[in-house]
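Here is how the chains run, residue by residue.
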Amino acid sequence: MPQGRSVDWRNWAGNQSARPSRTVAPASAEQLGEVFRQAAEQGRTVKAVGSGHSFTSIASAGDGVLVRPDGLTAVRELDRAGGTVTVESGLPLWKLNRLLETAGLSLTNMGDIEVQTVAGATSTGTHGTGRDSGSLAAQIRAVEIVLADGTVQHCSPTENAELFQGARLGLGALGVVTALTFGVEPAFLLTAHERPMGFEEVLSAFEDLAAVNEHFEFYWFPHTDRCSVKRNNRSQGPAAPLPRFKSWLDDDFLSNTVWEGACRVGRRFPAAVPTIAQLASRAWSERTFTDTAYKVFTSPRKVRFIEMEYAVPRAAATTVLRELKALVERSDWRISFPVEVRVAPADDLWLSTANGRDSVYIAVHLYRGTAEQGYFTEVEKLMTAHQGRPHWGKLHTRDAAYLASVYPHFADFTALRDKVDPGRLFANDYLRRVLGD
């Protein structure tokens, strides 16, 4: 089994790090089980990491054993007739997307980046925006997971159903996922329509925009009244992708290279941020294009930042957004990053931020190295006043007591955790805070 000495681990944003006692890259579920047995004998904990795109310390191994996904990237089965694909946990989403494209298939919905591993994305509740379709975890049909005792368990709605309920979005607290089966469908095209709108114009039309469009989201630029609205809907074609130069100019050069420079200026000279925001909000012009679904859902994200995101009940969304705007306007903050707003239908995953209620996601960001100055703290107070649920992979300060009050199945999940990991082999500081010990 490939393994090595202790090496420093750091996440994508650079705000979380660890120095594990040992790093391993097992090539099978059976090898992983042996890692667990050895760690337990040594009194060590075990944590699996993906691509490091969580802003919390959910994947931090501390001084325990770090499991890397490099040896678990195989495609096990592609069942066109049954509409499923089974892949190992370390396969990156971008590779899965291209595999499915070649086979004429597609995931139903995605977030806006595709660099995460499939298990990392699903275990933290990664989501996009959708009127009818939910998170990546909601698209899971079966899970293979290695438990603390080293046994390899398979679960689905008809096999180990209780474990399936927890393991689809398990925070790494129940075991280490080694393979996932996703429901897939025939490949489809999306037509993207993006255009500027005023803040109150968007909020006044919010319910209509969310109801009429399959995938609706918008960005509000703090210190302005301007938003960029994105509407993605299925199309019969033909495909009409952005010209290569236009795609590079808008989605790479302007959205990454130029934006990085603007953020650096704003960090160095905070007083310039409102002017930068006014200019940036006008740089997002109207455009329409039609392309393969994952190419519309995702885009490159090279500017590094930290993020907090909360899911609030959909009925409270416009109230929360108006309160957020007022909060920014009466503060001394200088916020260079836009606020991102997305929607999701209710689902039945125990720890999903959309469990049991139609939800709206509101995400706030800070460019790396920018002083926080109370922005996240005050936004979190606003979100929790409306029974908000924090994204598991994004910054927040909530604890088990609060989370138990906003998740109807929180006790079911912790009881399952007690059953499958009574010795807390997979615990770390983050899980002790959010789940209790």
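All of the points below concern the structure found in this document. (Residues numbered from 1 in each chain as written. Predicted model: local features only at pLDDT ≥ 70, side-chain atom pairs only at ≥ 80, totals over all residues. Heavy atoms only, no water.)

Scanning the entire structure with this criterion turns up 33 salt bridges. Here R301 ties to D112 by a salt bridge, and the two come within 3.9 Å at their closest N and O atoms. Here the residue R301 occupies a position in the loop between α9 (293-297) and β18 (305-313), and D112 occupies one in the loop between β9 (105-106) and α3 (118-123), the gap between them amounting to 189 residues. A relative accessible area of 18% places D112 in the buried class. Across the pair K419 and E162 runs a salt bridge, and its minimum N-O distance is 2.8 Å. Note that K419 is positioned in helix α13 (residues 410-420) and E162 in helix α4 (residues 161-167), a separation of 257 residues in sequence. (Salt bridge = Lys/Arg side-chain N within 4 Å of Asp/Glu carboxyl O. Helix = DSSP H or I, 4+ residues; strand = E, 2+ residues; numbered from the N terminus. Buried < 20%, exposed > 50% of the residue type's maximum accessible area, 1.4 Å probe, protein only.)

Here we come to the side chain of Q16. Within the fold, Q16 resides in the loop between β2 (9-10) and β3 (17-18). The class of Q16 is buried, set by a relative accessible area of 17%. A distance of 3.0 Å separates a polar atom in the side chain of Q16 from the backbone oxygen of F55. Those residues in contact with Q16 that sit more than four places away from it in its chain are W9, R10, N11, F55, T56, S57 and L395. (Polar contact = N/O pair within 3.5 Å; in protein donor to acceptor, adjacent residues only side chain to side chain. Contact = heavy atoms within 4.5 Å.)

This part is about the sheet that holds strand β7 (residues 75-79). Read from one edge of the open sheet, 5 strands run β7-β8-β12-β10-β11, paired in antiparallel fashion. The open sheet has two edge strands, β7 and β11 (152-155), and neither has a second partner. Put simply, the sheet's adjacent strands are angled 10° from each other on average, direction ignored. Two elements, strand β10 (residues 140-146) and β11, share 4 bridges in a ladder whose sense is antiparallel. (Pairing = 2+ DSSP bridges. Axes fitted to C-alpha atoms, helices over the stretch in contact; angles between N-to-C directions.)

Taken in spatial order, the 8 strands make up an open sheet running β17-β14-β16-β15-β19-β20-β18-β21, and their pairing is antiparallel. Both outer strands of the open sheet, β17 (287-292) and β21 (389-390), are each paired with one neighbouring strand and no more. Note that strand β15 (residues 215-220) and strand β19 (residues 339-344) share 4 bridges and pair antiparallel. Counterpart to Y219 in the pairing with β19 is E340. In this fold helix α11 (residues 375-384) packs onto β18, β19 and β20 (359-367), with an angle of close to 10° to the strand it touches most, β18.

All right, on to the pairing of β19 then. A regular strand carries its side chains on alternate faces of the sheet. Within β19, 6 of the 6 residues are buried, which leaves the element mostly enclosed by the surrounding structure. With burial as the criterion, each face of β19 is covered, one bearing V339, V341 and V343 and the other bearing E340, R342 and A344. Pairing geometry for β19 and β20, over 5 bridges, is antiparallel. Its bridge partner lying in β20, V341 is registered against I362.

A word on helix α8 (residues 273-283). All of the buried residues in α8 are V273, I276, A277, A280 and S281. Along α8, the residues classed as buried sweep out an arc of 130° about the axis, all on the same side. Exposed residues lying more than 90 degrees from the buried face of α8 are T275 and L279. Check the buried side of α8 and you find it contacts β16 (226-235) and α7 (244-268). (Arc of directions from axis to C-beta.)

Moving on, we come to α7. End to end, α7 covers 33 Å across 25 residues, agreeing with the expected 36 Å (1.5 Å per residue, within 8%). A maximum bend of about 45° is found in α7 at F253. Among the residues of α7, those classed as buried are D250, D251, D252, N256, W259, E260, A262, C263 and G266. (Expected span 1.5 Å × (residues − 1). Bend = angle between axes of the 7 residues up to and from the residue.)

What follows is about the nonpolar core. Among the nonpolar cores identified, the biggest contains 58 residues, and L96, V143, F182 and W392 are the most heavily contacted of them. Residues M308, V312, V339 and F376 belong to the second largest nonpolar core, which totals 50 residues. (Core = buried A, V, L, I, M, F, W, Y, C linked by side-chain atoms within 4.5 Å.)

As a further point, take the packing of α7 against α8. Running from amino to carboxyl end, α7 crosses α8 at an angle of 160°, the nearest separation of the two axes being 9 Å. By the criterion of interaxial angle, the relationship of α7 to α8 is roughly antiparallel. Classified by chirality, the crossing of α8 by α7 is left-handed. Residues W259, A262, V265 and G266 of α7 lie in contact with α8, whose contacting residues are V273, I276 and A280. (Parallel < 35°, antiparallel > 145°, perpendicular 65-115°, else oblique. Left-handed = near helix turned anticlockwise from the far one by under 90°.)

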